[in-house]
Amino acid sequence: MQRTNATTLTPVSFILNGVPGLEDMHIWISLPFCSMYIVAMVGNCGLLCLIHYEDSLHKPMYFFLAMLSFTDIIMCSSTLPNTLGIFWFNLKEIDFIACLTQMFFIHTFTLMESGVLMLMALDRYVAICYPLRYATILTNPIIVNAGFITFLRGVILVIPFTLLTKRLPYCRGNVIPHTYCDHMSVAKVSCGNVKINAVYGLMVALLIGGFDILCITVSYTMILRAVVKLSSADARQKAFGTCTAHICAIVFSYTPAFFSFFTHRFGGHRIPHSLHIIMANIYLLLPPTMNPIVYGVKTKQIRDCVIRFFVGSKDTKSHNI
């Protein structure tokens, strides 16, 4: 059903078609997606609780990690419940306003993920290159303001996405060959001119992604130069160790995102559309799934807190018995 006024044709709802061509495989595709989502939610919620309750983790590095975990929770929760509803219960219909809202959250927190990774790289730069001034540079107000500005940047840049998409006339039907309301997937259903949408989306991705990656690259270049100059082998090893988790998080975030972004725009018909859809889901799922695992394994302070928590719980239980 569609409603019409003098200038536009707007659907009451859209139909999200899942993974085109693989409808018979939806149940099997849902199993790894559901497993990753459970790991992401348990891991990131666990990290947030650990950072909140452990006084030893009340430091800038872990506050930024808490921002990353919160961003990951919102980012994957914006899509996965809806995607699993399509796979399991054939719940394909989504209200037009709900679709725009989902689009807003997806793209806002995707940009915020990139911004928080940049802030974490700058945090490591200050910690390693200016250790004596670390506590005075990265104060709590600075951390809060940096997080708020990163969030505000995403909101300001994504609002035009929703406005540009809302203004389009939708006279080609309301079926979207996707598992969620991605900006260009929704725009392509329109019979209007989507050139502005495409150009603006490309501009935002390249400018914000390029700026964040440039800051991350410069930060780690300076870190590497500073670490190489350290006289102590133990100090070098510790510095490399604290950066390894951040580098892994950056790889897990940007690799699937860039693959999905560039193949969607330049892959043409050489790459199956079903692969585009699967990769679009993976780039929203892989970072939230892997970040808690990487930081739990690679960060000694977090590892020690987790061990202390479980050992303490075990000792308390034994004492009560």
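These remarks concern the structure in this document. (Residues numbered from 1 in each chain as written. Predicted model: local features only at pLDDT ≥ 70, side-chain atom pairs only at ≥ 80, totals over all residues. Heavy atoms only, no water.)

**A short note on the packing of helix α1 (residues 26–53) against helix α3 (residues 80–89)**
- Across the interface, α1 lies against α3 with an axial gap of 9 Å and an inter-helix angle of 155°. Classed by the angle they form, the pair α1 and α3 counts as roughly antiparallel. Taken as a pair, α1 and α3 cross one another with a handedness that is left-handed. For the pair α1 and α3, contact is made by His26, Ile27, Ile29, Ser30, Phe33, Cys34 and Tyr37 and by Leu80, Pro81, Thr83, Leu84, Phe87 and Trp88, respectively.
- A class-by-class count of the residues in the contact of α1 with α3 yields 10 nonpolar, 3 polar and no charged. (Axes fitted to C-alpha atoms, helices over the stretch in contact; angles between N-to-C directions. Helix = DSSP H or I, 4+ residues; strand = E, 2+ residues; numbered from the N terminus. Parallel < 35°, antiparallel > 145°, perpendicular 65-115°, else oblique. Left-handed = near helix turned anticlockwise from the far one by under 90°. Contact = heavy atoms within 4.5 Å. Nonpolar A, V, L, I, M, F, W, Y, C, P; charged D, E, K, R; others polar.)

**Description of the sheet that holds strand β4 (residues 93–95)**
- In space, the 3 strands of this open sheet follow the order β4-β3-β5, with mixed pairing throughout. Looking at the sheet topology across the chains shown, the edges are occupied by β4 and β5 (175–176).
- Looking at chain direction, strand β3 (residues 13–16) and β5 are connected through 2 bridges and run parallel. Along β5, the bridge assignment pairs Leu16 with Ile176.
- Taken strand by strand, helix α4 (residues 96–129) contacts β3, β4 and β5, and its axis lies near 85° from that of β4. (Pairing = 2+ DSSP bridges.)

**Examining unusual backbone geometry**
- Backbone geometry at Asn90 places phi at a positive 60°, although glycine is not the residue there.
- Checked against the element boundaries, Asn90 lands in the loop between α3 and β4.
- Residue class for Asn90 comes out exposed when judged on its relative accessible area of 53%. (Buried < 20%, exposed > 50% of the residue type's maximum accessible area, 1.4 Å probe, protein only.)

**Section: the state of the cysteines**
- Overall, the coordinates contain 2 disulfides when judged by the stated rule.
- Between the sulfur of Cys99 and that of Cys181 lies a disulfide, 2.0 Å long from S to S. Because the sign of the S-S torsion sets the handedness, a value of about -120° for the bond joining Cys99 and Cys181 places this disulfide among the left-handed ones. One end of the pair, Cys99, is in helix α4; the other, Cys181, is in the loop between β5 and α7 (183–187), with 82 residues separating them in the sequence. In this pair, the class of Cys99 matches that of Cys181, namely buried.
- Disulfide pairing places Cys171 opposite Cys191 at an S-S distance of 1.7 Å. Here the S-S torsion is close to 130°, and the disulfide linking Cys171 with Cys191 is therefore right-handed. Note that Cys171 is positioned in the loop between α6 (140–166) and β5 and Cys191 in the loop between α7 and α8 (195–228), a separation of 20 residues in sequence.
- In this structure Cys171 comes out as partly exposed when scored by relative accessible area, which is 44%. (Disulfide = S-S within 2.5 Å.)

**Focus on the packing of α1 against helix α2 (residues 60–77)**
- Here α1 crosses α2 at 150°, and the two axes come no closer than 9 Å. As summarised for this structure, α1 and α2 are arranged roughly antiparallel, according to the angle between their axes. Pair α1 / α2 crosses with left-handed handedness. Between α1 and α2, the residues in contact are Tyr37, Ala40, Met41, Asn44, Cys45, Leu47, Leu48 and Ile51 and Tyr62, Leu65, Ala66, Ser69, Phe70, Asp72, Ile73, Cys76 and Ser77, respectively.
- In terms of residue class, the contact of α1 with α2 is made up of 13 nonpolar, 3 polar and 1 charged.

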